[in-house]
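Here's the letter readout for the chains.
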Amino acid sequence: MKNQLVIYNTLTRKKELFKPLVDGKVGLYVCGPTVYSDSHLGHARPFITFDLLFRYLTFLGYKVRYVRNITDVGHLENEAEESGEDKITKKARVEQLEPMEVVQKYMNTFHRNMEQLDVLPPSIEPRASGHIIEQQQLIDSILKNGFAYEVNGSVYFDVEKYNEKYHYGKLSGRNLEDIRTNTRRLEGQDEKKNSFDFALWKKAAPEHIMRWPSKWSDGFPGWHLECSAMSTKYLGDVFDIHGGGMDLTFPHHECEIAQSTASQGRDAVRYWMHNNMITINGQKMARSLGNFITLDRLFSGNHELLEKAYSPMTIRFFILQAHYRSTIDFSNEALQASEKGLERLFAAFDALDKLPVSAESSIDVAGLKEKCFAALNDDLNSPIAIAHLFDGVRMINSVKSGSEKISESDLEDLKSFFHTMVFEILGLKPDAAAAQGAGNEIMDKVIDLVLQLRLEAKTRKDWATADKIRDELSGLGVEIKDTKEGFEWSLK
RNA sequence: GGUUCCUUGGCCGAGUGGCUAGGCAACGGUCUGCAAAACCGUGUACGGCGGUUCGAAUCCGCCAGGGACCUCCA
């Protein structure tokens, strides 16, 4: 099974059998967040997507080193009035904070949100600000190889020169001539030989707070450099997988390839993976478009577009129900469908512990497992895996109601499979509040007692009392299910 | 304008040359004192028009509509 994982490589535009460079080990790099404001739903997607990859590779037995950076050196903004000002600096001015205070604040929020979504922390989470020297060294080597030039204390990548020897645009399917005729001319770029050249080092304007000394000027590293520098530092000159959002393909990842190739003669990355966008009313959800919903607001329901709050697990499940290379459209209806589906999945999971065993099975547990893993092996097709999981849900419920049978060994197998698939690989876990029991022993016993009284009322055919208890408890958020043996309850 | 991707039943969303995706919703049934939950059953879905083929939603062409990237962006 381990050698059957196929992933779609953006570089070749084909699904390829995944073979790590070093047997048994995987180097994975994913572009992390720029921490200058709260994370929104759109951000959740790549981190959940690659969390799934990380978890699955680990499950397959690989030793994975997962590096996901924090961009805490602001990137240039190109808004007309404020050109040259850095996103983090700008925000700092607005909030009267130190830039690193801004960084810390939003980094904390990001980490909290990721934990809520059950996104595992990466093996290494390097910060751009902590790797200025490495970035400068990378600039040195690109300069030495003749693929960059210095102007007024800034260093730019010479795309034309690079393209004479290599292909600039191979990842995004462009060629330099197309880029030349179609690149918009921007203000304040007179220093560059060509508009498509990009900065490796930028001299800081006097008001620019975030700055570091260098042999070229007091300034800051270019937009694309940190990923090239940090990925190879921790994963080696060549490593297995580089992931990120589709919108980063050009220019960010294209520039990363150019930088690595210019400094070491070949690309550092073997498999490029890109997740698609989350849309809202068919349009990309993005900070710059103003149509985003932050994760905190999704979790609290505090947003005009939200009919209610959605739990982190609902969000995670919603995202996993679409293939990572497809767009997924946000709507309350879709989210509520996911929420109910997830409840059903967890209910079946709970039922696993109470299933009656028979001498033989009438259901095919081995086949179910095989189908789920085949789906994940096919470019991480989580929606198909989940569809099969729901077949498993039906099996469980049918065994529970007596219309199907399961043997003891199959039941053990099914339990362990569900645990692995749902918790370990998909990273879904029941929300604490929704878990069985009130989390308070006295409360649990009180509810049990009241329901016991209701059961007695039912035995007396005192339907009025029985229904009153059910309605009242229901109003308090206690959901009651009558069973043959008596009752089950859970908190909503 | 250039590059590229997409259009699936009420909603979301897989798939792919012939065999039920799945979830949610809806309807009918079983169970139940009534519910809830669960189970069973019910949808002639693949943007339009042509073409290839024994057969296309799936391949090709054209048309219509939409998205992404080309500028910071997950």
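Residues numbered from 1 in each chain as written. Chains lettered and ligands numbered in written order. Predicted model: local features only at pLDDT ≥ 70, side-chain atom pairs only at ≥ 80, totals over all residues. Heavy atoms only, no water.

### Section: the pairing of strand S3 (residues 25-30)
Point 1. For S3, the tally of buried residues reaches 5 of 6 residues, placing the bulk of the element in the interior.
Point 2. In terms of strand pairing, S3 meets strand S4 (residues 63-68) through 6 bridges, oriented parallel. Counterpart to Lys25 in the pairing with S4 is Lys63.
Point 3. For the crossover from S3 across helix H1 (residues 41-59) to S4, the handedness is right-handed.
Point 4. Relative to strand S9 (residues 239-245), S3 runs parallel, the two sharing 3 bridges. Its bridge partner being in S9, Leu28 is matched across the sheet by Ile241. (Buried < 20%, exposed > 50% of the residue type's maximum accessible area, 1.4 Å probe, protein only. Helix = DSSP H or I, 4+ residues; strand = E, 2+ residues; numbered from the N terminus. Pairing = 2+ DSSP bridges. Right-handed = clockwise from strand over helix to strand, strands pointing away.)

### Some words on the packing of aromatic side chains
Point 1. A full pass over the atoms with the stated rule returns 19 aromatic pairs.
Point 2. Considering the side-chain rings of Tyr149 and Tyr156, the 6.0 Å spacing of their centres and the 40 degrees angle between planes classify their relative orientation as tilted. Here Tyr149 matches Tyr156 in class, with each residue buried.
Point 3. Aromatic rings pair up to connect Tyr56, Phe59, Phe349, Phe373, Phe417, Phe418 and Phe423 into one cluster.
Point 4. A cation over an aromatic ring shows up here: Lys161 above the ring of Phe147, its NZ or CZ 5.8 Å from the ring centre.
Point 5. The ring of Tyr36 has Arg287 lying over it, and the distance from NZ or CZ to the ring centre is 4.5 Å. (Phe/Tyr/Trp six-rings, centres within 6.5 Å; stacked < 30°, edge-to-face > 60°. Lys NZ or Arg CZ within 6 Å of the ring centre and 35° of its normal.)

### Description of the pattern of salt bridges
Point 1. For the structure shown, the criterion picks out 25 salt bridges.
Point 2. Between Asp51 and Arg316 there is a salt bridge, and its shortest N-O distance comes to 2.8 Å. One end of the pair, Asp51, is in helix H1; the other, Arg316, is in helix H10 (residues 312-320), and 265 residues separate them in sequence. Judged on exposure class, the residue Asp51 and its partner Arg316 are both buried.
Point 3. The residue Arg470 makes a salt bridge to Asp467 at a minimum N-O spacing of 3.5 Å. Of this pair, Arg470 and Asp467 are both found in helix H16 (residues 463-475), 3 residues apart, which corresponds to roughly one turn of the helix.
Point 4. In the salt-bridge network here, residues are joined through shared partners; they are Asp51, Arg55, Asp118, Arg316 and Lys429. (Salt bridge = Lys/Arg side-chain N within 4 Å of Asp/Glu carboxyl O.)

### Quick word on the nonpolar core
Point 1. By size, the foremost hydrophobic cluster in this structure holds 132 residues, and its most contacted members are Phe157, Ile241, Leu298, Phe330, Phe418 and Leu428.
Point 2. By residue number, the principal contributor to this core is H1, which donates 10 residues.
Point 3. The two domains that each donate at least three residues to this core are domain 1 (16-275) and domain 2 (280-425).
Point 4. Not counting residues up to four positions away in its chain, the partners in contact with Phe330 are Leu41, Ile278, Thr279, Ile280, Met285, Ile293, Leu298, Leu306, Phe318 and Leu335.
Point 5. Core analysis: the next-biggest nonpolar cluster, separate from the first, contains 8 residues, Leu451, Val478, Ile480 and Trp489 among them. (Core = buried A, V, L, I, M, F, W, Y, C linked by side-chain atoms within 4.5 Å. Domains from an automatic or database assignment. Contact = heavy atoms within 4.5 Å.)

### Overview of the UniProt feature "short sequence motif: 'HIGH' region" (unreviewed entry) in chain A
Point 1. The positions that UniProt labels "short sequence motif: 'HIGH' region" (unreviewed entry) are, in the present scheme, residues 33-43.
Point 2. Note that residues 33-43 is 27% helix and 0% strand, and that its end C-alpha atoms are spaced 8 Å apart. (UniProt positions renumbered as here; feature names shortened; annotations may be inferred.)

### With respect to unusual backbone geometry
Point 1. Pro251 follows Phe250 through a cis peptide bond whose omega is 0 degrees.
Point 2. Positionally, Pro251 belongs in helix H8 (residues 249-264).

### Considerations on the protein's contact with RNA strand B
Point 1. Lys87, Trp223, Lys284, Met285 and Ile384 are the nearest of the 61 residues found near RNA strand B.
Point 2. Here, RNA strand B places atoms within 4 Å of the protein, and 67% of those atoms are sugar or phosphate.
Point 3. Side-chain polar atom of Arg287 to a phosphate oxygen of RNA strand B: 3.1 Å apart, as the coordinates give it.
Point 4. A distance of 3.5 Å separates a sugar or linking oxygen of RNA strand B from a polar atom in the backbone of Gln321.
Point 5. No other element matches helix H13 (residues 382-401), which puts 7 residues into the surface near RNA strand B.
Point 6. Taken together, the residues of the surface near RNA strand B sort by class into 18 nonpolar, 25 polar and 18 charged. (Near = heavy atom within 4 Å. Polar contact = N/O pair within 3.5 Å; in protein donor to acceptor, adjacent residues only side chain to side chain. Nonpolar A, V, L, I, M, F, W, Y, C, P; charged D, E, K, R; others polar.)

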